[in-house]
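Remarks on the overall topology
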Amino acid sequence: MELFSDRHDDFRAYQRVLNLGAVTVWPATLPAVRFRRTERMVRQSDPERFHLSLRLSGTMRVERGGIQSEFGPYDLCVVDTSRPFDCESGVRLPPDSAQAGVGLEIPSRNCRPASTESTS
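Predicted, not measured: the structure shown is a model, and the values here were computed from it.

Things to note about the overall build of the chain
When helices and strands are counted, the chain shows one helix and 11 strands. In terms of principal-axis extent, the alpha carbons of the chain reach across some 65 × 30 × 25 Å. Of the contacts formed within the chain by residues at least 6 apart in sequence, a portion of 67% connects residues at least 24 apart. Counting only carbon and sulfur atoms, one obtains 50% of the accessible surface of the chain, whose full area is about 8100 Å².

As structure tokens, this is what we get:
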């Protein structure tokens, strides 16, 4: 994944990573930042995970498959790491301000729908 910020000279962020078996939880506080995952990056390395992002403050704009969505505080955004995406986090954030959120990453293999076929 690529990360971009206008604050490259004094970028300060807080992130705590909690590994809970196959699931990872990470609360974070950071300035405005852009995360991008291209098709090429997916082909090179695919962790096959779903990333759920709960915004606690600030606004995030995400483009997936040509569709753009915006998420505000207490909205939940889901991104599939097996697909390209472009995320602008901290949209309209005042200079020298930070945003907060909690990320949850789970293996996509754990999210398949249960089979509806009969076993008898």
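A look at the pairing of strand β10 (residues 85-89)
Extensive coverage of β10 is indicated by the burial of four of its five residues. Judged from the five bridges that link them, strand β5 (residues 33-37) and β10 form a sheet pairing that is antiparallel. Its bridge partner being in β10, F35 is matched across the sheet by C87. Two strands pair when backbone bridges link them, and strand β7 (residues 60-64) and β10 are joined in this way by four bridges, in the antiparallel orientation. Paired with R61 across the strands is E88, a residue of β10.

Description of the layout of surface pockets
Quantified by volume, the largest pocket comes out at close to 540 Å³. Mapped by element, the contributors of at least two residues to the lining of the largest pocket are β2 (14-15), β4 (23-30), β5, β6 (49-55), β7, β9 (76-80), β10 and β11 (99-107). If one sorts the elements of the lining of the largest pocket by residue count, β11 sits on top with six residues. Empty space within the second largest pocket amounts to approximately 310 Å³. Every residue lining the second largest pocket is counted, 17 residues in all, and those nearest its centre are S5, D6, A32, V33 and S89.

Structural notes on the nonpolar core
W26, A28, L30, V33, F35, M60, V62, F71, C77, V79, F85 and C87 form the largest nonpolar core, which has 12 residues in total. If you list the elements that add at least two residues to this core, you get β4, β5, β7, β9 and β10. Among residues more than four places away in sequence, those in contact with V62 are I67, Q68, S69, F71, C77, V79, D86 and C87.

Quick notes on the side chain of Q99
Counting through the fold element by element, Q99 comes out in strand β11. In terms of polar contacts, Q99 uses its side chain to reach the backbone amide nitrogen of G90, at 3.0 Å.

Here we look at unusual backbone geometry
The residue Y74 is not glycine, and still its phi comes out positive at about 70°. In this structure, Y74 sits in the loop between β8 (67-71) and β9.

What about the pairing of β8?
In this sheet, β8 lies alongside β7 in antiparallel orientation, the contact comprising five bridges. For R61, the partnering residue across the bridge sits in β8 and is E70. Taking the residues that link successive antiparallel strands as the turn, the β7-β8 hairpin has two residues, and the phi of G65 there is positive, at about 60°.

Calculation criteria
- Residues numbered from 1 in each chain as written.
- Predicted model: local features only at pLDDT ≥ 70, side-chain atom pairs only at ≥ 80, totals over all residues.
- Heavy atoms only, no water.
- Helix = DSSP H or I, 4+ residues; strand = E, 2+ residues; numbered from the N terminus.
- Contact = heavy atoms within 4.5 Å.
- Areas by Shrake-Rupley, 256 points an atom, 1.4 Å probe, with all protein chains shown as cover.
- Buried < 20%, exposed > 50% of the residue type's maximum accessible area, 1.4 Å probe, protein only.
- Pairing = 2+ DSSP bridges.
- 1 Å grid on protein atoms, 1.4 Å probe; cavity = no way out; pocket = protein on both sides within 12 Å on 5 of 7 lines; lining within 4 Å.
- Points joined across faces, edges and corners; volume = space filled by probe spheres on them.
- Core = buried A, V, L, I, M, F, W, Y, C linked by side-chain atoms within 4.5 Å.
- Polar contact = N/O pair within 3.5 Å; in protein donor to acceptor, adjacent residues only side chain to side chain.

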